[in-house]
Amino acid sequence: MKKFLLLLLVFLIGACAPAAPTSPATVAPPTQTLSSADTFGTALAVDAATKAVKPPTPVGTPLPTLVPITHPGTQAGQMFWWNDTVFYEVFLRSFKDSNGDGKGDINGLIEKLDYLNDGDPSTTTDLGVTGLWLMPIMDSPSYHGYDVVDFYTVETDYGSNEDFKRLMDEAHKRGIRIVIDLVINHTSTQSEWFKAADAGDPNYRDWYIWAEKDPGYLGPWGAQAWHAGKNGYYYAMFWSQMPDLNLNNPTVTDEVNKIISYWLKDMGADGFRLDAVKHYIEQGRSQQNTPATHAWLKNFYQYYKSVNPEAFTVGETWTSPDNSAKYVGDEVDASFEFDLSKAIMTSANGPSASTLSTQMQTTLDLYLEGQYAVFLTNHDQDRSMNVLQDDKKAKLAAAMLLTSPGVPFIYYGEEIGMTGTKPDEDIRRPMQWTGDSASVGFSTGKPWRDPSSDYPTVNVANETSDPNSLLSYYRDLIHLRNDHTALRTGHTIVIDSGNRSVYALLRYDDNEAILILANADTNPITDYSLNLASGPFSGTLNAVSILGLQNPSAPQINAEGGFSGYLPFTEIPAQSAIIIQLEP
C-alpha cells in the first residue's frame, strides 16, 4: 500500500523527442498488483491510494503562454484559434476511398479537401470548415478504431504515417487545422502491453487494473466491468476487449506523454479529441468525474502545452454541464456540451424554443467564455436528420448551431442530410458523394458498408448547385460565421422574446452586433416582442438582414444601451431563422 501512496507523488515528464513504444526489456518494474479476500475493498488496485489523492506536482518546465485572438471585444487571453474555427468530424473509413478496397483512407480525404475548404476565402463553393476532427486513426483490430494496438502507427487500412504528414501539409495549405482522437482510457486486448500484462509480466502487469477475485460490481451503465484474464480479473468498463489503462501508474503516464509528444511534434497534429475523458481514473466504485481524474488532467494539460502551447484539446465529458465545465481551463481547452446540443435538437424540432434559450443561459453562466464545443449529433448518436425528419427543421438546427457561441462541430454528411440510426455502423455509413450507384462516389469497389437507401437524392452532387438545398444552407452559414467576428468570438446575450417559440440571441463585439431570430413553430409568429433591459448599444442603429427575411426595422436604443418592444418584423415565418446585423 505504501508503494501506491508514494507513486501518487510522482509525475514523470516524457521526453519531448519522439520515441517508439517501450519494450518489455526496458520498462521500469511497476508496483505489484494488490489482492485481498475482500473483493469490494480491493476492487481496483488503486482504490486506497486515489482516495487520498494529493494535488499534482507541477511540471518543472514553465508553461508557454497561449496567443489570444485579437478580434475586437474579446477578453484578453480567453479566445484562441479554436474559437475562430468550424470543425468537421470525419470517420476516415467512410469518407473517401482512394484505392478501391471499399474503405476510406487518408489519401481519399486529401482528394476531398477542396470540398471542405479550397483555401480561397473569396470562393463560396466549398463548405468553408477550418478544422477537422479525425476519429481514431491509430492501429486497431476494430473497424471503429477505439481499441488501439499501436499508438505510434497509422492504421494500415487508412495509409501510412507519411500519408498523415502529407495530409497535415495539404490541410494547413488550405487553412484547415486537424485534431485527432486520442484514446488513452483503454487499449485493445491485442496490444502487446496487455498481452504481457495478462501473461503476468511484472514489467506490464500494473499498466492495467487487476483484482485477484471478481469484485462483482458493474460499470456506470450497468454493464459488466470486470473480466477474467489468465491470472485474475481486469477492469474494462466499455467492453471486455478494451481493458482500461492504469493512469495512476507513472510509467503509463510517461508513455502517454511520449505519445502526445510524438503526434504533436513528429506528426504535426494540432491537438486531440480526448475520448472517455471523464473515466480516466476510477476510485473504487466511483467510475466517472473522480478527483483523481481531475488531478491527472492538470498535469496532462501542463505537459501538452509545454510541447506545443497552441495545441488544442476537447474532452468527451458527456456529463452534466456543471461537471463538464470543471474540466475546462487547466485540464482541457474545451468540453463537448452535450446538454446544449440536445437543447438545439429539441428546440429545432419545435414548437417551443424555450429549451434552447434556457440551456444557452446555463452554458454561458457555467463555462469560461466560448470554451465549450457545440454540435447536433455525433458518431455515437442517431443522425440529426433522423431526429428532425425534414429539411426545414434541419436548417433551423444548423442556424442555431452555427450562430452559437463556443466551438461548433459538424458530423460528416450532416450538411447533406445523411440518415442513420443505431447500430453504430449505420450512423457511420459511407459519405454519399453521388447518387448514380450504390458506390455513391465513395469507392470504385464495394463500400465496406452499404449506403443509406436515400442515396439517389441525398448526395453532394444533387445538392451542390441547388441554392435551396441543405448543403447550400450549411455553406451559407459557415461562410457567414467565417466573415463575422461577432459570430465566432463575440459576447453573447440571450434575449427575452416574449414567445416560447421564438429563440433570440445577440452576438456582439466592439466592431459589430448580430441578432439571431428563430421561429420553431410550424406557424408564423406575430405575438412576440424583443426586450433587452441593458446592452452594448448607443445612438441610432441600422438593421440589415444577412440571412433570411429581408428589410427589418431597427430598434430604438434606451439609456441603458438596450431596447424594449422591438419588432424587427411584424411576422416571423414558420420554422425559419433570420440573422440581422445591427450597426451604427
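Keep in mind the model is a prediction, meaning the values are calculated, not measured.

J.: Would you mind going over the side chain of Ser335 with me for this structure?
T.: With respect to the element layout, Ser335 can be found in strand E11 (residues 334-336). The exposure class assigned to Ser335 is buried, which follows from its relative accessible area of 0%. Sequence-distant contacts of Ser335, that is, excluding residues within four places in its chain, are made with Val314, Gly315, Thr317, Ser324, Tyr327, Val328, Tyr367, Gln371, Tyr372 and Ala373.

J.: What's the story with the environment of Phe164 in this structure? I'm lost.
T.: Relative to the helices and strands, Phe164 resides in helix H6 (residues 161-173). With a relative accessible area of 0%, Phe164 lands in the buried category.

J.: What should I look at first to understand the sheet that holds E11 in this one?
T.: Whenever strands of a sheet pair, they do so through backbone hydrogen bonds, lying parallel or antiparallel. Strands sit in the order E1-E2-E5-E9-E10-E11-E12-E13 around a closed barrel of 8 strands; the barrel is parallel. If you compare each strand with its neighbour and ignore which way they point, the axes differ by 30 degrees on average. Contacts from helix H8 (residues 250-266) reach strand E5 (177-182) and strand E9 (271-274) within the one sheet, and its direction differs from that of E9 by about 130 degrees.

J.: Where do I start with a nonpolar patch on the surface in this structure?
T.: Nonpolar side chains collect at one region of the surface, where Trp221, Phe238 and Trp239 lie side by side and expose about 340 Å² of accessible area between them. Mapped onto the elements of the fold, Phe238 is located in the loop between strand E8 (233-235) and H8.

J.: When you look at the environment of Gly128 in this model, what are you seeing that I'm missing?
T.: Among the secondary structure elements, Gly128 is positioned in the loop between helix H5 (113-116) and strand E2 (131-134). Placed 354 residues apart in sequence, Gly128 and Asn482 show a C-alpha to C-alpha distance of 7.8 Å. When sequence neighbours within four positions are dropped, the list of residues in contact with Gly128 reads Leu116, Asn117, Ile478, His479 and Asn482.

J.: What should I look at first to understand helix H12 (residues 354-366) in this one?
T.: Residues that lie three or four places apart on an α-helix share one face, since the helix turns once every 3.6 residues. For H12, which comprises 13 residues, the first-to-last C-alpha distance of 19 Å matches the rise-based estimate of 18 Å (1.5 Å per residue) to within 8%. For H12, the secondary structure elements touched by its buried residues are helix H10 (321-325), helix H11 (338-349), strand E12 (372-374), helix H14 (391-402), strand E14 (491-494) and strand E15 (502-508).

J.: Teacher, can you tell me more about the sheet that holds strand E7 (residues 226-228) here?
T.: Read from one edge of the open sheet, 3 strands run E6-E8-E7, paired in antiparallel fashion. The two strands at the open ends of the sheet, each matched to only one other strand, are strand E6 (210-211) and E7. Here E6 pairs with E8 via 2 bridges, running antiparallel. When the sheet's bridge partners are listed, Ala211 is paired in E8 with Tyr233.

J.: Teacher, can you tell me more about the packing of aromatic side chains here?
T.: For any pair of aromatic rings, the description rests on two quantities: the centre-to-centre distance and the angle between the ring planes. Applying the stated criterion to the full structure yields 40 aromatic pairs. Seen in terms of ring centroids, Phe336 and Phe375 are 5.6 Å apart; in terms of plane orientation they differ by 85 degrees. Their pairing is edge-to-face. Highlighted residues: Phe336 in strand E11 and Phe375 in the loop between E12 and helix H13 (384-388), separated in sequence by 39 residues. Take Phe336: its relative accessible area is 4%, and that puts it in the buried class. By relative accessible area, which is 3% here, Phe375 ends up buried. Through pairs of rings, three or more aromatic residues link up here, namely Phe80, Trp81, Trp82, Phe87, Trp133, Phe312, Trp318, Phe336, Phe338, Phe375 and Phe409. Sitting over the ring of Trp433, Lys112 keeps its end group 4.2 Å from the ring centre. Lying over the aromatic face of Tyr412, Arg383 brings its terminal NZ or CZ to 4.7 Å of the ring centre.

J.: Would you mind showing me how to read the layout of surface pockets here?
T.: A probe matching the size of a water molecule, rolled over the atoms, marks out where space remains unfilled. Size it by volume and the largest pocket reaches roughly 550 Å³. Along its surface, the largest pocket is lined by 24 residues, and Phe238, Asp275, Asp380, Asp424 and Arg428 are the ones closest to its centre. Partitioning the lining of the largest pocket into residue classes produces 11 nonpolar, 5 polar and 8 charged.

J.: Got a minute to help me understand the packing of H8 against helix H9 (residues 291-307) in this structure?
T.: When two helices pack together, their arrangement is given by the angle between the helix axes and the distance between those axes. With their axes 10 Å apart at the nearest point, H8 and H9 run at an angle of 35 degrees to one another. Remark: the crossing between H8 and H9 carries right-handed chirality. Note on element contacts: H9 touches H8 through Trp296, Phe300, Tyr303, Tyr304 and Val307, opposite Thr253, Val256, Asn257, Ile260, Ser261, Leu264 and Lys265. The class makeup of the residues in the contact of H8 with H9 is 8 nonpolar, 3 polar and 1 charged.

J.: It is not clear to me how the nonpolar core should be interpreted in this structure. Could you clarify?
T.: In globular proteins that are soluble, nonpolar side chains generally tend to be buried together. Residues Tyr88, Leu132, Phe164 and Trp263 are the most contacted members of the largest nonpolar core, which totals 143 residues. The contacts of Trp263, once residues within four sequence positions are left out, are Ile137, Met138, Phe151, Tyr152, Val154, Phe164, Ile180, Gly268, Ala269 and Phe272. In terms of nonpolar packing, the next biggest core, distinct from the first, is built from 23 residues, Ile495, Val502, Leu515 and Tyr566 among them.

J.: How should the pairing of E2 be read in this particular structure?
T.: For a regular strand, the rule is simple: side chains alternate between the two faces of the sheet. Residues Gly131 and Trp133 line one face of E2 and the alternating positions Leu132 and Leu134 line the opposite face, and both faces are buried. Pairing geometry for strand E1 (residues 87-90) and E2, over 4 bridges, is parallel. Among the inter-strand pairings, Tyr88 is bridged to a residue of E2, identified as Leu132. With 4 bridges connecting them, E2 and E5 associate as parallel partners. Across the sheet, Leu134 pairs through a bridge with Ile180, a residue of E5.

J.: Please explain unusual backbone geometry as it appears in this structure.
T.: A negative phi angle characterises most non-glycine residues, just as the trans form characterises most peptide bonds. Each neighbour pair has its own omega, and for Gly350 with Pro351 the value is 0 degrees, a cis peptide bond. By the element assignment, Pro351 lies in the loop between H11 and H12. Residue Lys422 is joined to Pro423 through a cis peptide bond whose omega torsion reads 15 degrees. Relative to the assigned elements, Pro423 resides in the loop between strand E13 (407-411) and helix H15 (460-463). For Asn551, which is not glycine, the phi dihedral falls at a positive 60 degrees. Relative to the elements of secondary structure, Asn551 occurs in the loop between strand E18 (542-547) and strand E19 (563-566).

J.: I tried to follow the packing of H11 against H14 on my own but got confused; where do I start?
T.: Here H11 crosses H14 at 140 degrees, and the two axes come no closer than 9 Å. For the element pair H11 / H14, the angle class is oblique. Between H11 and H14 the crossing geometry is right-handed. Facing H11, whose interface residues are Ile344, Ser347, Ala348 and Asn349, H14 presents Lys393, Leu396, Ala397, Met400 and Leu401. In the contact of H11 with H14, the residues fall into 6 nonpolar, 2 polar and 1 charged.

J.: How should I be thinking about the pattern of salt bridges in this particular structure?
T.: Pairing is possible between side chains that carry opposite charge, provided their charged atoms lie close to one another. Tallying each qualifying case throughout the model produces 22 salt bridges. Across the salt bridge formed by Lys96 and Glu111, the nearest N and O atoms sit 3.8 Å from each other. Here Lys96, found in the loop between helix H3 (92-95) and helix H4 (106-111), pairs with Glu111, found in helix H4; they are 15 residues apart in sequence, far enough to count as distant. With a relative accessible area of 12%, Lys96 lands in the buried category.

What counts and how
Residues numbered from 1 in each chain as written. Predicted model: local features only at pLDDT ≥ 70, side-chain atom pairs only at ≥ 80, totals over all residues. Heavy atoms only, no water. Helix = DSSP H or I, 4+ residues; strand = E, 2+ residues; numbered from the N terminus. Buried < 20%, exposed > 50% of the residue type's maximum accessible area, 1.4 Å probe, protein only. Contact = heavy atoms within 4.5 Å. Pairing = 2+ DSSP bridges. Axes fitted to C-alpha atoms, helices over the stretch in contact; angles between N-to-C directions. Patch = residues over 30% accessible without salt bridge, like charges linked within 9 Å, V, L, I, M, F, W, Y side chains within 5 Å. Areas by Shrake-Rupley, 256 points an atom, 1.4 Å probe, with all protein chains shown as cover. Salt bridge = Lys/Arg side-chain N within 4 Å of Asp/Glu carboxyl O. Expected span 1.5 Å × (residues − 1). Phe/Tyr/Trp six-rings, centres within 6.5 Å; stacked < 30°, edge-to-face > 60°. Lys NZ or Arg CZ within 6 Å of the ring centre and 35° of its normal. 1 Å grid on protein atoms, 1.4 Å probe; cavity = no way out; pocket = protein on both sides within 12 Å on 5 of 7 lines; lining within 4 Å. Points joined across faces, edges and corners; volume = space filled by probe spheres on them. Nonpolar A, V, L, I, M, F, W, Y, C, P; charged D, E, K, R; others polar. Left-handed = near helix turned anticlockwise from the far one by under 90°. Core = buried A, V, L, I, M, F, W, Y, C linked by side-chain atoms within 4.5 Å. Parallel < 35°, antiparallel > 145°, perpendicular 65-115°, else oblique.

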